[in-house]
Amino acid sequence: MKHEQIIRAYEVARGRYAELGVNTDEALQSLAKISLSLHCWQTDDVIGFENPDGELTGGIQATGNYPGKAKNIDQVRQDIEKVKTLVPGNHRLSLHAIYGDFKGGPVDRNEIEPAHFQSWIDWAKDNNMKLDFNSTSFSHPKSGDMTLAHRDKGIRDFWIEHTIRSRRIADEMGRQLGSKACHNLWVHDGSKDLTVDRYYYRSLLKDSLDKIFAVRLDNVKDSVECKLFGTGLESFTAGSHEFYMGYALKNGIMATLDMGHFHPTEEIYDKISSFLLFMKEIMLHVSRPVRWDSDHVVILNDSVTMLAQEIVWANALDRVNIGLDYFDASINRIGAYVIGCRAAQKAFLQALLSPIVKLREYEASGRYFQRLALLEESKSLPWNDVYNYFCMTCDVPVAEEYISDIEHYEKDVLLKR
Ligand code: RNT
Ligand code: ZN
């Protein structure tokens, strides 16, 4: 698209929004401040650098074998740098513990140290990014069906040690980069078939968590992520929603809401206001479950738009840490990032542009037809012209222009791997 055309469309959009009492310039200023935490694991289908031939276990799965996946640390960085040129704004990178700079040496999970992530911290500085971190309990000989809730103390201790080390690494990232790192803890612990000891496993998990969180770290924002079930672990998950909700509230830490971790028709947008009344901050895993927690690429759908509305309408942008979490191995992986990041940004922009003052007036005076009508009309207001203008001012491709850019990258870089 030509610059003049983008600017002209933006000006028309600005006028149209002004009629509804919405200031598009302010909305864009707010959008520019929203950092998404890019999940490093879309680059390589959640394999990491411990063992390039390793398998993904723990009830999660990446399906597809599209060519060009990242095979080493340089390629992961190269891909993230490419994504940065295609998504407007400043974003964070979320690393898993299996993505350390192990330099080919075997480093077991209970041996990882900040030193293994120093080159990431340096890279982040060079690329003006902040980092977040995740302990990794899956894809390991000791992970099986249970880790922190395992009945064997030796196995539990191994994972406790791993997770304590992961938090320390996050702390170092936060300290050096001057921005607290979110540390997200998700474990798959569960059972394929009926278990008769739910209370026992959950009490073991609670005890492990108490050991892990015994020391507060100044540069970490801790979060725990619940799940309904994983594949192969359908009958029981120790870290359920109620379990972690209780744990997080009692211990003053965050909970992570992953869009795919609830009952199939359950949506997370309605949980935001309840969480925010009792928790200082929360964390999101923006994803797109299809039938199960399938981690499809995020698109602009009702689940994401309503989620963004809840956050913006609760005036809580600074209390919500927005991570992405999906891993689609069936399409170009850089494209997967760009589609998902842009979809999330568009949802937030739409929310920032919604005529909320008018909508609340209608609601307060019981004019519900009018409220619904304006909600419907808002969907087709020219928000996309505002987004295009944002991309142009951020010097990234506008609208579908990024497709050819990614095609070139595929041809010149990805297919040569
Ligand atoms: C799994 C959780 C978890 C992982 C990542 C890789 O169901 O969503 O967040 O997807 O940590
Ligand atoms: Zn998740």
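Anyway, here's the lowdown on the structure attached to this text. Just so we're clear, the structure is a prediction, and the values are computed from it rather than from any experiment.

Turning next to the overall build of the protein chain. Within the protein chain one finds 14 helices and 12 strands. Relative to the compact-globule value of 22 Å for 417 residues, the protein chain shows a C-alpha radius of gyration of 22 Å, a close match. Structurally, the protein chain occupies a C-alpha span of about 65 × 55 × 40 Å along its principal axes. Each of the 417 residues in the protein chain was classed as buried or not, and the buried ones make up 54%. Of the contacts made within the protein chain by residues no fewer than 6 positions apart, 82% connect residues no fewer than 24 positions apart. With an accessible surface of roughly 18,600 Å², the protein chain has 50% of that area assigned to carbon and sulfur atoms. Averaging the coordinates of the 49 positive side-chain charges in the protein chain and doing the same for the 60 negative ones gives two points 3 Å apart.

Attention now goes to the site of ligand 1. Around ligand 1 lies a shell formed by Trp41, Ile60, His96, Trp186, Glu225, Lys227, Asp258, His261, His285, Asp293, Asp325 and Phe327. In the environment of ligand 1, an oxygen atom lies 2.7 Å from a nitrogen or oxygen atom belonging to the side chain of Lys227. Contacts to ligand 1 include His285, whose side-chain N or O atom sits 3.2 Å from an oxygen atom. For the shell around ligand 1, the residue count by class is 4 nonpolar, 3 polar and 5 charged.

Another aspect to go through is helix H13 (residues 383-393). All of the buried residues in H13 are Trp383, Val386, Tyr387, Asn388, Phe390, Cys391 and Met392. Looking at the buried side of H13, the elements it contacts are helix H1 (3-19), helix H2 (24-32), helix H10 (333-352) and helix H12 (368-379). Of the residues flanking the end of H13, it is Asp395, one or two places downstream, whose phi is positive at about 65 degrees.

This paragraph deals with the nonpolar core. Membership of the largest hydrophobic core comes to 124 residues, with the highest contact counts inside it found for Leu93, Leu95, Trp120, Leu209 and Leu284. With residues up to four places along the chain from it excluded, the contact list for Leu93 reads Ser37, Leu38, Cys40, Ile80, Trp120, Trp123, Met129, Lys130, Leu131 and Asp132.

So, about the sheet that holds strand S8 (residues 254-258). Taking strand neighbours around the barrel as the criterion, the 8 strands line up as S1-S2-S3-S4-S6-S8-S9-S12 in a closed arrangement whose pairing is parallel. The sheet shows a mean angle of 30 degrees between the axes of neighbouring strands, direction not considered. Pairing geometry for strand S2 (residues 92-96) and strand S3 (residues 130-134), over 5 bridges, is parallel. Residue pairing across strands places Arg92 opposite Lys130, the latter belonging to S3.

Here the focus is the pattern of salt bridges. With the rule as written, the count across this model stands at 23 salt bridges. The closest approach of N and O atoms between Arg165 and Glu161, which form a salt bridge, is 2.6 Å. On the criterion of helical spacing, the pair formed by Arg165 and Glu161 is a turn pair, its members being 4 residues apart in helix H5 (residues 153-177). With a closest N to O distance of 3.4 Å, Glu361 and Lys358 form a salt bridge. Placement of both Glu361 and Lys358 in helix H11 (residues 356-364) is noted, with a separation of 3 residues, approximately one turn of the helix. The exposure class assigned to Glu361 is partly exposed, which follows from its relative accessible area of 38%. When its relative accessible area of 32% is taken as the criterion, Lys358 is described as partly exposed. What emerges from the salt-bridge pattern is a single network uniting Glu11, Arg14 and Asp25.

This next bit is on the side chain of His91. Looking at the element boundaries, His91 is found in the loop between helix H3 (73-86) and S2. At a separation of 2.8 Å, a polar atom in the side chain of His91 contacts the main-chain carbonyl oxygen of Pro88. Ignoring sequence-local partners within four residues, the contact set of His91 consists of Ile34, Ser35, Leu36, Leu38, Met129, Lys130 and Gln345.

The rules behind each value
Residues numbered from 1 in each chain as written. Chains lettered and ligands numbered in written order. Predicted model: local features only at pLDDT ≥ 70, side-chain atom pairs only at ≥ 80, totals over all residues. Heavy atoms only, no water. Helix = DSSP H or I, 4+ residues; strand = E, 2+ residues; numbered from the N terminus. Rg over C-alpha atoms; globule rule 2.2 N^0.38 Å. Buried < 20%, exposed > 50% of the residue type's maximum accessible area, 1.4 Å probe, protein only. Contact = heavy atoms within 4.5 Å. Areas by Shrake-Rupley, 256 points an atom, 1.4 Å probe, with all protein chains shown as cover. Lys, Arg positive; Asp, Glu negative; His and termini not counted. Charge placed at Lys NZ, Arg CZ, Asp CG, Glu CD. Near = heavy atom within 4 Å. Polar contact = N/O pair within 3.5 Å; in protein donor to acceptor, adjacent residues only side chain to side chain. Nonpolar A, V, L, I, M, F, W, Y, C, P; charged D, E, K, R; others polar. Core = buried A, V, L, I, M, F, W, Y, C linked by side-chain atoms within 4.5 Å. Pairing = 2+ DSSP bridges. Axes fitted to C-alpha atoms, helices over the stretch in contact; angles between N-to-C directions. Salt bridge = Lys/Arg side-chain N within 4 Å of Asp/Glu carboxyl O.

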